[in-house]
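Next come the chains, spelled out residue by residue.
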2 protein chains.
Amino acid sequence: MSDVASRAITRAPEIEFWFDFGSNYSYLSVMRIEALAAARGLRIGWRPFLLGPVFRDLGFDNSPFVLQKEKGAYVWKDMERQCRKYGIPLKRPSTFPRTALLAMRVALLGAEREWIAAYCRQIMQLNFAHDRDIGSMEVVSEALEELGLPARQIITEAQSDANKLRLREQTSAAAARGIFGAPTFFVGDEMFWGNDRLDDALEYCESIAARG
Amino acid sequence: MSDVASRAITRAPEIEFWFDFGSNYSYLSVMRIEALAAARGLRIGWRPFLLGPVFRDLGFDNSPFVLQKEKGAYVWKDMERQCRKYGIPLKRPSTFPRTALLAMRVALLGAEREWIAAYCRQIMQLNFAHDRDIGSMEVVSEALEELGLPARQIITEAQSDANKLRLREQTSAAAARGIFGAPTFFVGDEMFWGNDRLDDALEYCESIAARG
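Report on the accompanying structure. Everything numeric here is computed off the predicted structure, so don't read it as measured data.

Turning next to the interface of chain A and chain B. Tallying the contact residues gives 20 residues for chain A and 20 residues for chain B. Where chain A abuts chain B, roughly 2,100 Å² becomes buried across the two surfaces, and 52% of that area is made up of carbon and sulfur atoms. Summed over the three residues of chain A that lose the most area to chain B, namely Y74(A), F180(A) and R197(A), the buried surface amounts to 27% of that side. At the boundary of chain A and chain B, one finds ten salt bridges. The partner of D196(A) in a salt bridge is R197(B), and the shortest N-O contact between them spans 3.0 Å. Of all the elements in the fold, those that place two or more residues in the side of chain A that touches chain B are α5 (69–86) and β4 (190–193) of chain A.

Written as structure tokens, this is what we have:
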């Protein structure tokens, strides 16, 4: 057997996780996904993308949770209950949705690095449990430093033109694949929308892997 | 203890179920709710309402699943998977969403009668598993007759001015309570939106009852 064939067979199956740090239901999935995927022996493909431009392409100039006040009122009630159910802390952000361009660029840069899951949880908790402005360089630096990472160096890399362009491209790719909200999961071409479908997506990914 | 007090204590706790026969996620809940509520010893308050006027009040002239084509494409994929998961038959309706005014009026009339759950399942399956026009008198009659009910008499009652007015009032009540989609569940003032929250709503209802 060639090395390539052997790698193809032994590599764990992947669930793609498309998310934005401003999205409240992405928060739930960021907090849950690493442990759930590990329990099933699945890899996570971290896919940060900008939900704002995707919404704008669909004709919305803000989150549906802001544009529809009835739904918006409900969503925070739902978030309280969901967070209680999962044991996840919640403090409703004073600004919603928060844009967090630098934090997103760092996530893209770190997508294949070992700190990605911890970094995403850190940023998400700063937004949704501590009401900090994750759009600021100060808060992104703090998040990286908390993890013992070289914040300055990572931020410089994240702000390179090449990395900025990649985030725009990843956002276009999200729209091209039919993504209309976050979180969204893909297992191959099978799309699952929303934290409510994370378990189904993981189960499907595992079942595909078992069929080999 | 007075009779009134005794009834108040012994009456099973209620989950209110707000639904529209045109709504695909209401289909899932209609098919599931009776058995799930019975298993927990809960009563169901059947609350048919017209989703169309509620959407129009919110500024939408059709279902979001029609207005947003990306979401619409996803929803039928999701429905296939959800129906497979729950063991519920599905054939995508050739007309969506179907308006079913007479069928809804019959549901309102029957809300407190013993045949309501079976009738709702019958109509829903005609729409979502057999692609029949549940907006027609013929199909509503057929559904009632299948259940051994006096179709003609029920339809006459359902079309009374008083019953028509009640359905308009119930629809206004839905909007007044902050309902923006279907299915929606209420346990007291606690609102739960979507078939994905049916289990949480039932669990909450049971926990409230236990605290009594």
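Now that the structure has been shown, the text picks up again.
Here R81(A) shows up in helix α5. Judged by its relative accessible area of 11%, R81(A) is buried. For R81(A), the residues in contact, after removing those within four places along its chain, are Y74(A), E190(B), M191(B) and F192(B).

What the rule picks out here adds up to 32 aromatic pairs over all chains. Arranged with centres 5.1 Å apart and planes meeting at 90°, the rings of W76(A) and F96(A) form a pair that is edge-to-face. Linking W76(A) in helix α5 with F96(A) in the loop between α5 and α6 (101–110), this pair joins segments that are 20 residues apart in sequence. F96(A) matches W76(A) in its accessibility class, with the two residues each being buried. A cation over a ring is seen here: R177(B) above F186(B), with NZ or CZ 3.8 Å from the ring centre.

With that settled, the discussion passes to the sheet that holds strand β1 (residues 14–19) of chain A. Residue and element names in this part refer to chain A. Ordered by their spatial adjacency, four strands build an open sheet running β2-β1-β3-β4, and the pairing between neighbours is mixed. Every interior strand has two partners, whereas the edge strands, β2 (43–48) and β4, have only one. Put simply, the sheet's adjacent strands are angled 20° from each other on average, direction ignored.

P97(A) follows F96(A) through a cis peptide bond whose omega is -10°. Mapped onto the elements of the fold, P97(A) is located in the loop between α5 and α6. In the segment running from A182(B) into P183(B), the intervening peptide bond is cis, with an omega of 0°. Within the secondary structure layout, P183(B) lies in the loop between α10 (161–176) and β3 (184–187). In this model, D131(A) sits at a positive phi of 50°, which is unusual for a non-glycine residue. Tracing the backbone shows D131(A) in the loop between α7 (116–128) and α8 (137–146).

With 57 residues, the main nonpolar core has I15(A), F21(A), W46(A), V106(A), Y119(A) and L144(A) as its most contacted residues. Among the elements that take part in this core, α7(A) stands out by supplying eight residues, more than any other. Excluding its chain neighbours within four sequence positions, the residues that come into contact with I15(A) are R43(A), I44(A), G45(A), F185(A), F186(A), V187(A), L198(A), A201(A), L202(A) and C205(A). With 56 residues, the next largest nonpolar core counts A37(B), L50(B), C120(B) and L149(B) among its residues.

For α5(A), which comprises 18 residues, the first-to-last C-alpha distance of 26 Å matches the rise-based estimate of 26 Å (1.5 Å per residue) to within 8%. Among all positions of α5(A), only K71(A), G72(A), Y74(A), V75(A), W76(A), D78(A), M79(A), R81(A), Q82(A) and C83(A) are buried. Of the surrounding elements, those touching the buried residues of α5(A) are α2 (24–39), α4 (64–67) and α7 of chain A together with β4 (190–193) and α11 (198–211) of chain B.

The next subject is the pattern of salt bridges. What the rule picks out here adds up to 36 salt bridges over all chains. Among the ionic pairs, K69(A) bridges to E70(A), the shortest N-O distance being 3.2 Å. For K69(A), a relative accessible area of 63% gives the class exposed. Judged by relative accessible area, which is 23%, E70(A) ranks as partly exposed. One salt bridge connects R81(B) with E190(A), and the closest N-O pair in it is separated by 3.2 Å. In this pair, R81(B) sits in helix α5 (residues 69–86) while E190(A) sits in strand β4, so the two residues belong to two different chains. Neither residue differs from the other here; R81(B) and E190(A) are each classed as buried. If you follow the salt bridges from partner to partner, you end up with K77(A), D78(A), R81(A), D196(A), E190(B) and R197(B) in one network.

Residues and elements named next belong to chain A. It is the contact of α2 with helix α11 (residues 198–211), at a shortest axis distance of 11 Å, that shows an interaxial angle of 25°. One finds that α2 runs roughly parallel with respect to α11. Our pair here, α2 against α11, has a crossing hand that is right-handed. For the pair α2 and α11, the contacting residues are S29, R32, I33, L36 and A37 in the first and L198, D199 and L202 in the second. Grouping the constituent residues of the contact of α2 with α11 by class yields five nonpolar, one polar and two charged.

Time to look at the relation of the copies chain A and chain B. Two chain copies, one operation linking them: a rotation about an axis together with a shift along it. Taken as rigid bodies, chain A and chain B are interconverted by a rotation of 180° and an axial shift of 0.0 Å, the fit giving an RMSD of 0.0 Å. The two molecules are tied by a two-fold rotation axis, judged by turn and shift. Relative to the rotation axis, the C-alpha of D196(A) is the closest in chain A, positioned 3.6 Å from it. Both copies present the same face, since 100% of the interface residues in chain A are matched by interface residues at the equivalent positions in chain B.

Conventions adopted
Residues numbered from 1 in each chain as written. Chains lettered and ligands numbered in written order. Predicted model: local features only at pLDDT ≥ 70, side-chain atom pairs only at ≥ 80, totals over all residues. Heavy atoms only, no water. Contact = heavy atoms within 4.5 Å. Buried area = accessible area lost by both parts, 1.4 Å probe. Salt bridge = Lys/Arg side-chain N within 4 Å of Asp/Glu carboxyl O. Helix = DSSP H or I, 4+ residues; strand = E, 2+ residues; numbered from the N terminus. Buried < 20%, exposed > 50% of the residue type's maximum accessible area, 1.4 Å probe, protein only. Phe/Tyr/Trp six-rings, centres within 6.5 Å; stacked < 30°, edge-to-face > 60°. Lys NZ or Arg CZ within 6 Å of the ring centre and 35° of its normal. Pairing = 2+ DSSP bridges. Axes fitted to C-alpha atoms, helices over the stretch in contact; angles between N-to-C directions. Core = buried A, V, L, I, M, F, W, Y, C linked by side-chain atoms within 4.5 Å. Expected span 1.5 Å × (residues − 1). Parallel < 35°, antiparallel > 145°, perpendicular 65-115°, else oblique. Left-handed = near helix turned anticlockwise from the far one by under 90°. Nonpolar A, V, L, I, M, F, W, Y, C, P; charged D, E, K, R; others polar. Least-squares fit on C-alpha atoms with pLDDT ≥ 70 in both.

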